[in-house]
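So you can see what is in the structure, the chains are spelled out below.
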Amino acid sequence: MPRLPKLTPETLQFVLLSFEGPDQYSMAGGLGVRMKELGLELARQGFNTHHIFIGDPSKPARSHPHKNLTLHRWCRWLSERHPLAYTTERNQSCSTGTTACLHS
């Protein structure tokens, strides 16, 4: 049987992609908390980790809250347009149909 390579911080980096993230702005449910904790723990273990999410428009597009963790706040234009929360736009779009939801 072939040997699989050992997964170490030197051989692997993680990219977490989620609607929700560690910003209070983007925590609509439990997923944001779970993604925040997962990203922090991977970084603590030495893995280079990138977390991409819909973030707070008042925060920088990219930040480094931990040595091995980079937060990428995408769709800031959407967040700026709907400052109450990203779920407002999502819920409004989804109520008008699947096509609108896919394009928001």
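All of the points below concern the structure found in this document. All values derive from a computational prediction rather than experimental measurement.

**Digging into the sheet that holds strand β4 (residues 69–74)**
Then step 1. On the basis of which strands lie adjacent, the open sheet formed by four strands has the order β1-β2-β4-β3 and mixed pairing. Strands at the two margins of the open sheet, each flanked by one partner only, are β1 (13–17) and β3 (62–66). Shown here is a sheet whose adjacent strand axes are inclined to one another by a mean of 20 degrees, direction ignored.
Then step 2. Here three bridges tie β3 to β4, and the two strands are oriented antiparallel to one another. Looking at β4, one finds that Arg62 is bridged to His72.
Then step 3. Against the sheet, helix α1 (residues 30–44) makes contact with β1, β2 (48–54), β3 and β4, and its axis sits at roughly 170 degrees relative to β1, the strand it touches most.

**Considering the pairing of β4**
Then step 1. Here β4 lies mainly inside the structure; five of its six residues are buried.
Then step 2. Inspection of the sheet shows β2 paired to β4 by six bridges, in the parallel sense. Within β4, the residue paired with His50 across the bridge is Thr70.
Then step 3. Connecting β3 to the antiparallel partner β4 that follows it, the hairpin turn spans two residues.

**A closer look at α1**
Then step 1. The terminal C-alpha atoms of α1, which comprises 15 residues, lie 21 Å apart, in line with the 21 Å expected from a rise of 1.5 Å per residue.
Then step 2. Within α1, the full set of buried residues consists of Gly32, Met35, Gly39, Leu40, Leu42 and Ala43. Within α1, the buried residues cover an arc of 165 degrees as seen down the axis, which keeps them to one side.
Then step 3. Buried positions along α1 lie against β1, β2, β3 and β4.
Then step 4. In the segment just after α1, Gly46 is the residue with positive phi, at about 100 degrees.

What counts and how
Residues numbered from 1 in each chain as written. Predicted model: local features only at pLDDT ≥ 70, side-chain atom pairs only at ≥ 80, totals over all residues. Heavy atoms only, no water. Pairing = 2+ DSSP bridges. Helix = DSSP H or I, 4+ residues; strand = E, 2+ residues; numbered from the N terminus. Axes fitted to C-alpha atoms, helices over the stretch in contact; angles between N-to-C directions. Contact = heavy atoms within 4.5 Å. Buried < 20%, exposed > 50% of the residue type's maximum accessible area, 1.4 Å probe, protein only. Expected span 1.5 Å × (residues − 1). Arc of directions from axis to C-beta.

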